[in-house]
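Per-entry structural report
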Amino acid sequence: MKKISTFLMFQDGRAEEAMNFYTSIIEDSQITNIVRYGADEDGPEGSVMQAAFTLKGQEFMCFDSYIKHQFAFTPSISIFITCDTEEELDNLFEKLSEGGQALMPLNDYGFSKKFGWLNDRFGVSWQLNLP
C-alpha cells in the first residue's frame, strides 16, 4: 500500500472552486495537481477529472462528478481542524460557514475551550476546535 488520501466528490462542477477556497483560507495549503476532461472525454470539457490539494500538509483528492448521484456529503464524516488561537478558529468558522450551515455554533461545550461544527457551501463538514 502506497498511501491513503481523502477523496471528495463535488457535483455541479464545483471542485476547483472548493479547492481554491480551501487553499486560500488555510495557511500552508496548495493545489498540487489538476487533470481536466478533454473535448472527447466522458465529463464536460475543462471540468476536474481528478485533482490533488493539501491543507496544512494533509493531502486531499477531488473531482467533479458529471453523473448526478442520489447522495452527497454527510456530516458523519468531517474535516477536523485543531486551531492554535481563538482568532484563527473564529476566522475559519466565519469563512467556512458563509453560505453554509452551522451544526454546532461556536461555543464552550465542555470538552474544549471553543468548538464549532458546520457544513460549508459545498456541503463538506468541518469541525473546528480550540483545545
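For the structure given in this document, a descriptive report is provided here.

Rules and cut-offs
Residues numbered from 1 in each chain as written. Predicted model: local features only at pLDDT ≥ 70, side-chain atom pairs only at ≥ 80, totals over all residues. Heavy atoms only, no water. Pairing = 2+ DSSP bridges. Helix = DSSP H or I, 4+ residues; strand = E, 2+ residues; numbered from the N terminus. Axes fitted to C-alpha atoms, helices over the stretch in contact; angles between N-to-C directions. Contact = heavy atoms within 4.5 Å. Core = buried A, V, L, I, M, F, W, Y, C linked by side-chain atoms within 4.5 Å. Buried < 20%, exposed > 50% of the residue type's maximum accessible area, 1.4 Å probe, protein only.

This brings us to the sheet that holds strand E1 (residues 6-11). Taking strand neighbours across the sheet as the criterion, the four strands line up as E1-E4-E3-E2 in an open arrangement whose pairing is mixed. Looking at which strands have only one partner, the edges of the open sheet turn out to be E1 and strand E2 (29-36). Taken over all neighbouring pairs, the strand axes of this sheet differ in orientation by 20° on average, direction set aside. Here strand E3 (residues 48-55) pairs with strand E4 (residues 58-65) via five bridges, running antiparallel. Directly across from leucine 55, in E4, lies its bridge partner glutamine 58. Running over the sheet, helix H1 (residues 15-25) touches E1, E2, E3 and E4 and is turned about 10° from E3.

What follows deals with the nonpolar core. Core analysis: the largest hydrophobic core is formed by 28 residues, its most contacted members being Phe10, Tyr22 and Trp126. Broken down by secondary-structure element, the contributors of at least two residues to this core are E1, H1, E3, E4, strand E5 (79-82), helix H2 (86-97) and strand E8 (125-130). If one sorts the elements of this core by residue count, H1 sits on top with six residues. Excluding residues within four positions of it along the chain, tryptophan 126 makes contact with Tyr22, Ile26, Leu55, Ser78, Ile79, Ile81, Leu96, Gly116, Trp117, Leu118 and Asp120.

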